[in-house]
Amino acid sequence: MSEDVRLVAWVRGRVQGVGFRWFTRAKALEIGGLSGFALNLADGRVQVVAEGSRARCDGLLDWLQDGDTPGRVDGVTEIWDTPRGGYDGFVIR
């Protein structure tokens, strides 16, 4: 049985104003079984919070790091935690 996890990732590079959050949501929906959000930060990064199985969160993280994302990803910092819940699907904030 797969235990659910919480992934919090901060994506830096040219990731605002290029549809990055929209494509991140689309990828999360394609993977399925994920809830959370993508949010632009004032410093130019995008924060991604995803909750679901470890395998599905790993899939989203792999895409954030190495996938065919819009813009340009210079790096991703992530932390793993226990899920907090309270999300209704995967949304753009």
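Residues numbered from 1 in each chain as written. Predicted model: local features only at pLDDT ≥ 70, side-chain atom pairs only at ≥ 80, totals over all residues. Heavy atoms only, no water.

Take the environment of Val18 next. Tracing the chain through its elements places Val18 in the loop between β1 (4–14) and α1 (20–31). Sequence separation between Val18 and Thr69 is 51 residues; the distance between their C-alpha atoms is 9.5 Å. Excluding residues that lie within four positions of it along the chain, Val18 makes contacts with Pro70 and Gly71. (Helix = DSSP H or I, 4+ residues; strand = E, 2+ residues; numbered from the N terminus. Contact = heavy atoms within 4.5 Å.)

With that settled, the discussion passes to the UniProt feature "domain: Acylphosphatase-like" (unreviewed entry) in the chain. As recorded in UniProt, the sites labelled "domain: Acylphosphatase-like" (unreviewed entry) are residues 6–93. In this annotation, residues 6–93 is assigned 28% helix and 41% strand; the end-to-end C-alpha distance for the span is 18 Å. (UniProt positions renumbered as here; feature names shortened; annotations may be inferred.)

Attention now moves to the nonpolar core. Ranked by internal contacts, the top residues of the largest apolar core, which has 19 residues, are Val11, Val48, Leu60, Leu64 and Phe90. For this core, the secondary-structure elements that each account for two or more residues are β1, α1, β3 (46–53) and α2 (54–66). The element contributing the most residues to this core is α2, with five residues. Excluding residues that lie within four positions of it along the chain, Val48 makes contacts with Leu7, Val8, Ala9, Val11, Thr24, Phe37, Ala38, Leu60, Leu64 and Phe90. (Core = buried A, V, L, I, M, F, W, Y, C linked by side-chain atoms within 4.5 Å. Buried < 20%, exposed > 50% of the residue type's maximum accessible area, 1.4 Å probe, protein only.)

Counting across every chain of the model gives six salt bridges. A salt bridge links Arg6 to Glu51; the shortest N-O distance between them is 2.8 Å. Placement of the pair is Arg6 in strand β1 and Glu51 in strand β3, with a sequence separation of 45 residues. Each member of the pair Arg6 and Glu51 is classed as buried. (Salt bridge = Lys/Arg side-chain N within 4 Å of Asp/Glu carboxyl O.)

Right, let's get into the packing of α1 against α2. At their nearest, the axes of α1 and α2 sit 10 Å apart, and the two run at 145° to each other. The element α1 and its partner α2 pack so that their crossing is right-handed. Judged by residue contacts, Phe20, Phe23, Thr24, Lys27, Ala28 and Ile31 of α1 engage Arg56, Gly59, Leu60, Trp63 and Leu64 from α2. (Axes fitted to C-alpha atoms, helices over the stretch in contact; angles between N-to-C directions. Left-handed = near helix turned anticlockwise from the far one by under 90°.)

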